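Report on the structure
Residue strings, one per chain:
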Amino acid sequence: MIDESTRSRLKANWQAVQDEVSEAVDRYRRDPGSVSIIGVSKYVDVELTKALCDVGCSNLGESRPQSLWEKSAHFTDNGSVHWHMIGHLQRNKIRRTLPIAPLIHSVDSQRLLDAISEEAELQGRNVSVLLEVNISGDQAKTGLLRKELFEVMEQAPVAHVQIKGLMAMAGRGTDPIEAGKQFELVRQARDEIEQQFDHPLPELSMGMSGDFVQAITAGATMVRIGSRLFEGIVQR
Ligand SMILES: *Cc1c(COP(=O)(O)O)cnc(C)c1O
């Protein structure tokens, strides 16, 4: 059972994050409603994930496929939750992931994209994905290098798969100012691709607890926020 103090803390955290997102949207003259908050529930159990949903967060992100499968199984009665696969997706995990109909943020190779397409065909589904970009070129980071990103776009369209945008993460420990510069580069790459390939990429998934304001400045349409939402809440 989740006690009242936990529930009210969660509610306050959700409200505070919403307020900060709205404020950034106003300040940087983005359209109202143009930025969605993905609540990253990977840190907590099913009960707290449900509680987050109850306080108003209807977009939930998980970084491990198994956690996505297990958690989403507890939400079968609730069609109003949208799931987001934000971490690395191994090809042998695609089959069980597609029925949950998540937006897959983390497509980081042509091989993965092709495998998703093949499985989507078998399951008779259409799948929406984002391409994960490693914009800084840092070897320690996941995602497509800029050059690879353009190569993937050259192969597009891919049957049964809609590429809706780009996803990026600033490197661990990157300060928010530097992160903001990387996010700007992601938006520029998106703009170039739209021009060059005449392929709209409306979604930009970038920004986490420490740098979502910078991401909104740069044009993010989805911010993925985990730790801020669970501040002051201890999982037993
Ligand atoms: C964990 C995670 C987040 C959330 O990070 P916080 O700093 O806790 O907000 C966002 N995106 C991805 C891909 C993650 O793995």
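Residues numbered from 1 in each chain as written. Predicted model: local features only at pLDDT ≥ 70, side-chain atom pairs only at ≥ 80, totals over all residues. Heavy atoms only, no water.

A few words on the overall build of the protein. In terms of helices and strands, the protein carries eight helices and eight strands. Relative to a compact globule of 236 residues, whose C-alpha radius of gyration would be 18 Å, the protein shows 17 Å and is just as compact. In terms of its C-alpha atoms, the protein occupies a principal-axis envelope of roughly 55 × 40 × 35 Å. Of all intrachain contacts in the protein linking residues separated by at least 6 positions in sequence, the fraction that spans at least 24 positions is 60%. Placing the 27 positive and 33 negative side-chain charges of the protein at their respective mean positions leaves the two points 3 Å apart. (Helix = DSSP H or I, 4+ residues; strand = E, 2+ residues; numbered from the N terminus. Rg over C-alpha atoms; globule rule 2.2 N^0.38 Å. Contact = heavy atoms within 4.5 Å. Lys, Arg positive; Asp, Glu negative; His and termini not counted. Charge placed at Lys NZ, Arg CZ, Asp CG, Glu CD.)

A few words on the site of the ligand. Near the ligand, the surroundings consist of V40, K42, Y43, S63, I86, M169, M208, S209, R224, I225, G226 and S227. Within the contact set of the ligand, an oxygen atom lies 2.4 Å away from a side-chain nitrogen or oxygen of Y43. Of the pockets mapped on this structure, the ligand occupies the largest pocket. Along the lines of polarity and charge, the residues of the shell around the ligand split into six nonpolar, four polar and two charged. (Near = heavy atom within 4 Å. Polar contact = N/O pair within 3.5 Å; in protein donor to acceptor, adjacent residues only side chain to side chain. 1 Å grid on protein atoms, 1.4 Å probe; cavity = no way out; pocket = protein on both sides within 12 Å on 5 of 7 lines; lining within 4 Å. Sits in = over half its atoms within 2 Å of the grid points. Nonpolar A, V, L, I, M, F, W, Y, C, P; charged D, E, K, R; others polar.)

This next bit is on the nonpolar core. Counting residues in hydrophobic clusters, the biggest one holds 67 residues, and the most contacted among them are V21, I104, I116, V129, L131 and V223. The dominant element in this core, judged by the number of residues it contributes, is helix 1 (residues 4-27), at six residues. If we ignore the near neighbours within four places in the chain, the residues touching V129 are L103, I104, V107, L113, I116, V161, Q162, I163, K164 and G165. (Core = buried A, V, L, I, M, F, W, Y, C linked by side-chain atoms within 4.5 Å. Buried < 20%, exposed > 50% of the residue type's maximum accessible area, 1.4 Å probe, protein only.)

To continue, consider the layout of surface pockets. Estimated volume of the largest pocket: approximately 750 Å³. Forming the walls of the largest pocket are 30 residues, and the residues nearest its centre are K42, M169, A170, R172 and M208. Looking at the lining of the largest pocket, its residues break down into ten nonpolar, twelve polar and eight charged. Estimated volume of the second largest pocket: approximately 170 Å³. (Points joined across faces, edges and corners; volume = space filled by probe spheres on them.)

Moving on, we get to unusual backbone geometry. The omega torsion of the bond from A156 to P157 falls at 5°, within 30 degrees of zero and hence cis. With respect to the helices and strands, the residue P157 is situated in the loop between helix 6 (146-155) and strand 6 (161-168). The phi dihedral of H160 is positive, around 70°, even though this residue is not glycine. Along the chain, the position of H160 falls in the loop between helix 6 and strand 6. Look at H160 and you get partly exposed, because its relative accessible area is 29%.

Under the defined criterion, the tally for this structure stands at two aromatic pairs. Measuring from ring centre to ring centre gives 5.2 Å for F75 and W83, while their planes differ by 85°; the resulting arrangement is edge-to-face. An angle of 55° between the planes, with centres 6.2 Å apart, marks the rings of F150 and F197 as tilted. Of this pair, F150 sits in helix 6 while F197 sits in helix 7 (residues 176-197), placing them 47 residues apart in sequence. (Phe/Tyr/Trp six-rings, centres within 6.5 Å; stacked < 30°, edge-to-face > 60°.)

What follows deals with the packing of helix 6 against helix 7. The description of two helices packed together rests on the angle between their axes and the distance between the axes. Relative orientation of the contacting elements helix 6 and helix 7 amounts to 30°, with a least axis distance of 11 Å. Here helix 7 runs roughly parallel to helix 6, going by the angle between their axes. As for the relative orientation of helix 6 and helix 7, their crossing is right-handed in sense. Here helix 6 contributes R146, L149, F150, M153 and E154 to the contact with helix 7, which in turn contributes A189, E192, I193, Q196 and F197. Among the residues making up the contact of helix 6 with helix 7, the classes are represented as six nonpolar, one polar and three charged. (Axes fitted to C-alpha atoms, helices over the stretch in contact; angles between N-to-C directions. Parallel < 35°, antiparallel > 145°, perpendicular 65-115°, else oblique. Left-handed = near helix turned anticlockwise from the far one by under 90°.)

All right, on to the packing of helix 1 against helix 2 (residues 46-54) then. Where helix 1 contacts helix 2, the two axes come as close as 9 Å, and the packing angle between them is 50°. In terms of orientation, helix 1 and helix 2 fall into the oblique class. The hand of the helix 1/helix 2 crossing is right-handed. Mapping the contact onto sequence places T6, R7 and L10 in helix 1 and L48, A51, L52 and D54 in helix 2. Grouping the amino acids of the contact of helix 1 with helix 2 by side-chain chemistry returns four nonpolar, one polar and two charged.

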